[in-house]
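Fold and geometry: a report
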Amino acid sequence: MNDRSHLTTRAARAGAHVAPGTALPLVPALHQTTVYGYPDLASLHRVNNGEERGQAYYRFGHYNGQVLEQAVADLEGAPDAVTTASGMAAITGTVLALAETGDHVVADRNVYGGTRSLLETDLPRLGIHTTLVDGADLTEVGRALTPRTKLVLVEALTNPTVRVPDLPALSALAGHVGAKLVVDGTFVTPALLRPLDHGADLVWHSVPKYLGGHSAAMGGVVAGPRDLTARIRQSIIHLGATVGPFDAWMALLGLKTLGLRMQAHSQGATAVAEFLAAHPAVTHVNHPSRPDHPQAATAAKLYPDGTGGMLSFALAGGRPAVDQLISRLNQTIPLSPSLADVSTTMIHPATTTHKDLPREELDALGITDGLIRLSVGIEDPADLIAELGAALAP
Ligand SMILES: Cc1ncc(COP(=O)(O)O)c(C=O)c1O
């Protein structure tokens, strides 16, 4: 074949046999491919049977997903991890893998709205029913457990009032009925707390938050022992909810700065909470560093290095004051329907994340019309305090 002949054939096979050199790239390569080529049937069978690490077809798992899985498993102190297309895919795959018709779930009523909606809307149609509790109230959790309870679901820190469930105590309660404690670690990351060290069976994350850190990559991950992750991996393959290679690759880049970012988020939020607590326009601040926080003692025990960037505060002026604050801050601290970016963002929970809850429940959760949730970024806290101070001025 000369250079011009058989062009269509050579073009179709272009690049397939260019081996990388012996040196590894400092940043793992992006394998943006849905399928891999094999030299013989035996090696394909070994990978498909799980006897050898490798990749066959995107939906069954791929190189960049595996790189991220290994990194998260290592950071969480877990034997294994499964990456998924989103955080919701991670929790959906987990519940479908570990519960069946007739089983029961106990969940903190403060969990993320999407998780609650899965539990309250989709799972009852499969005959899996949930009792909602206050995850920080051990008596209420204990009362809700039954012999059919398979899962206890909580967030390590809740949104937006930053409550702190006592994970070792919850693990002991769940263990009495043989249920698995599954912790959403999105707000804390393994840089601040590794749920498995405190008795949890599984930990899961929404990757576009702190784990990825830059709001640019979508994904989810669940980490834990291999007997559980193997079942979850199967349900993710059936759901077709595999993370994209590019998202996994981007998330890994963000993960590299996790430790430094979480320190900065924690210090920034503590400083901003202190400033807001002393401000006359603010009636209340929810942050575990505040002495009036209902689980301040649990937080001090579980989070010696801080609790990340989440806090919320109530404005004396109610909803009109909220609107004024949002408009005054729109060039610096935007209203944003996500969180945990390196830049500070805010949200009004009563009309966004928690808008579907009835008024009585909003009141019980402390989500008033004047409440703002801040996701404090890694900016210089003095700048954030100056900007908030100017925006809160009469
Ligand atoms: C605490 C928490 N967990 C889980 C999720 C769901 O993750 P995802 O949006 O990646 O599906 C979110 C989304 O905002 C969240 O805030």
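If you're wondering where the values come from, they're calculated on a predicted model, not measured in any experiment.

With that out of the way, let us pick up the overall build of the protein. Of regular secondary structure, the protein possesses 15 helices and eleven strands. By the compact-globule yardstick of 21 Å for 394 residues, the protein fits well, its C-alpha radius of gyration being 23 Å. Principal-axis analysis of the C-alpha atoms gives the protein an extent of 80 × 55 × 35 Å. Looking at the protein as a whole, 50% of its 394 residues are labelled buried. Restricting the contact set of the protein to residue pairs at least 6 apart, pairs at least 24 apart contribute 73%. Accessible surface computed for the protein: about 17,800 Å², of which carbon and sulfur atoms make up 56%. Placing the 28 positive and 37 negative side-chain charges of the protein at their respective mean positions leaves the two points 6 Å apart.

Their axes nearest at 10 Å, the elements helix H4 (residues 87-98) and helix H5 (residues 113-122) cross at an angle of 30 degrees. Taken together, the axes of H4 and H5 lie roughly parallel to each other. Every pair of crossing elements has a handedness; the one defined by H4 and H5 is right-handed. Counted together, Met88, Ile91 and Thr92 of H4 and Gly114, Thr115 and Leu118 of H5 form the full contact between these two elements. When the residues that make up the contact of H4 with H5 are grouped by side-chain class, the tally is three nonpolar, three polar and no charged.

Taken domain by domain, the protein consists of domain 1 (62-255) and domain 2 (258-392). Contacts between domain 1 and domain 2 engage 34 residues on the former and 38 residues on the latter. Between domain 1 and domain 2, roughly 2,900 Å² of surface is buried when both sides are summed, and carbon and sulfur atoms account for 61% of that area. When residues of domain 1 are sorted by the area they lose upon contact with domain 2, Pro160, Leu192 and Tyr210 head the list and together hold 26% of the total.

Residues in close proximity to the ligand total 13 residues, the closest being Gly87, Met88, Asp184, Ser206 and Lys209. In the model, an oxygen atom of the ligand is placed 2.8 Å from a nitrogen or oxygen of the Met88 main chain. At 2.7 Å from a nitrogen atom of the ligand is found a side-chain nitrogen or oxygen belonging to Asp184. Burial of the ligand by the surrounding chains reaches 91%, relative to a free accessible area of 390 Å². Those elements that place two or more of their residues in the shell around the ligand are H4 and strand S6 (202-206). Here the residues of the shell around the ligand are counted per class, giving five nonpolar, five polar and three charged.

What follows deals with the sheet that holds strand S7 (residues 220-224). Pairing is mixed in the open sheet, where seven strands are placed in the order S1-S7-S6-S5-S4-S2-S3. The outermost strands of the open sheet, each flanked by one partner alone, are strand S1 (80-84) and strand S3 (129-133). Strand-to-strand twist in this sheet, taken as the mean axis angle between neighbours without regard to direction, amounts to 20 degrees. Two strands pair when backbone bridges link them, and S6 and S7 are joined in this way by four bridges, in the antiparallel orientation. Within the sheet, the bridge partner assigned to Ser206 lies in S7 and is Gly220. Along the sheet, helix H3 (residues 63-76) contacts S1, S6 and S7; its crossing angle with S1, the most-contacted strand, is approximately 135 degrees.

What follows concerns the nonpolar core. Counting residues in hydrophobic clusters, the biggest one holds 51 residues, and the most contacted among them are Val188, Leu255 and Tyr303. Two domains each provide a minimum of three residues to this core, namely domain 1 (62-255) and domain 2 (258-392). One finds Ala89, Leu151, Leu202 and Trp204 within the second-largest nonpolar core, a separate group that totals 25 residues.

What follows deals with helix H11 (residues 258-277). Taking 1.5 Å of rise per residue, the 20 residues of H11 would be expected to cover 28 Å, and the 28 Å separating its terminal C-alpha atoms lies within 8% of that figure. Here H11 has its buried residues at Leu258, Arg261, Met262, His265, Ser266, Gly268, Ala269, Val272, Ala273 and Leu276.

Moving on, we come to the environment of Met310. Here Met310 shows up in strand S9 (residues 310-315). According to the relative accessible area criterion, Met310 is buried, its value standing at 1%. A sequence separation of 284 residues divides Met310 from Leu26, and the C-alpha atoms of the two residues are 33 Å apart.

This part takes up a nonpolar patch on the surface. Among the surface-exposed residues, Val35, Tyr57 and Phe60 lie close enough to one another that they form a single nonpolar patch of about 280 Å² accessible area. Mapped onto the fold, Phe60 is located in the loop between helix H2 (41-48) and H3. Looking at Phe60, the relative accessible area reads 43%, which means it is partly exposed.

For the structure shown, the criterion picks out two aromatic pairs. Plain terms: the ring middles of Tyr57 and Phe60 are 5.6 Å apart, the flat faces sit at 75 degrees to each other, and that makes the pair edge-to-face. You can call Tyr57 partly exposed: its relative accessible area is 38%.

For the rest of this paragraph, the subject is empty space enclosed by the protein. Per the stated rule, a full pass over the model turns up two cavities of 30 Å³ or more. Looking at the largest cavity, its volume works out to about 80 Å³. Lining of the largest cavity is provided by 13 residues; of these, Gly61, Glu69, Thr83, Arg233 and Thr242 occupy positions nearest its centre. Secondary-structure elements contributing two or more residues to the lining of the largest cavity are H3, S1 and helix H9 (226-239). A total of three residues in the lining of the largest cavity trace back to one element, the largest contributor, which is H9. Its residues placed into classes, the lining of the largest cavity shows five nonpolar, five polar and three charged. There is about 30 Å³ of room inside the second largest cavity. Forming the walls of the second largest cavity are Ile91, Val111, Thr115, Leu153, Val154, Glu155, Asp184 and Trp204. At three residues, the largest contribution of residues to the lining of the second largest cavity is made by strand S4 (residues 149-155).

Conventions we followed
- Residues numbered from 1 in each chain as written.
- Predicted model: local features only at pLDDT ≥ 70, side-chain atom pairs only at ≥ 80, totals over all residues.
- Heavy atoms only, no water.
- Helix = DSSP H or I, 4+ residues; strand = E, 2+ residues; numbered from the N terminus.
- Rg over C-alpha atoms; globule rule 2.2 N^0.38 Å.
- Buried < 20%, exposed > 50% of the residue type's maximum accessible area, 1.4 Å probe, protein only.
- Contact = heavy atoms within 4.5 Å.
- Areas by Shrake-Rupley, 256 points an atom, 1.4 Å probe, with all protein chains shown as cover.
- Lys, Arg positive; Asp, Glu negative; His and termini not counted.
- Charge placed at Lys NZ, Arg CZ, Asp CG, Glu CD.
- Axes fitted to C-alpha atoms, helices over the stretch in contact; angles between N-to-C directions.
- Parallel < 35°, antiparallel > 145°, perpendicular 65-115°, else oblique.
- Left-handed = near helix turned anticlockwise from the far one by under 90°.
- Nonpolar A, V, L, I, M, F, W, Y, C, P; charged D, E, K, R; others polar.
- Domains from an automatic or database assignment.
- Buried area = accessible area lost by both parts, 1.4 Å probe.
- Near = heavy atom within 4 Å.
- Polar contact = N/O pair within 3.5 Å; in protein donor to acceptor, adjacent residues only side chain to side chain.
- Pairing = 2+ DSSP bridges.
- Core = buried A, V, L, I, M, F, W, Y, C linked by side-chain atoms within 4.5 Å.
- Expected span 1.5 Å × (residues − 1).
- Patch = residues over 30% accessible without salt bridge, like charges linked within 9 Å, V, L, I, M, F, W, Y side chains within 5 Å.
- Salt bridge = Lys/Arg side-chain N within 4 Å of Asp/Glu carboxyl O.
- Phe/Tyr/Trp six-rings, centres within 6.5 Å; stacked < 30°, edge-to-face > 60°.
- 1 Å grid on protein atoms, 1.4 Å probe; cavity = no way out; pocket = protein on both sides within 12 Å on 5 of 7 lines; lining within 4 Å.
- Points joined across faces, edges and corners; volume = space filled by probe spheres on them.

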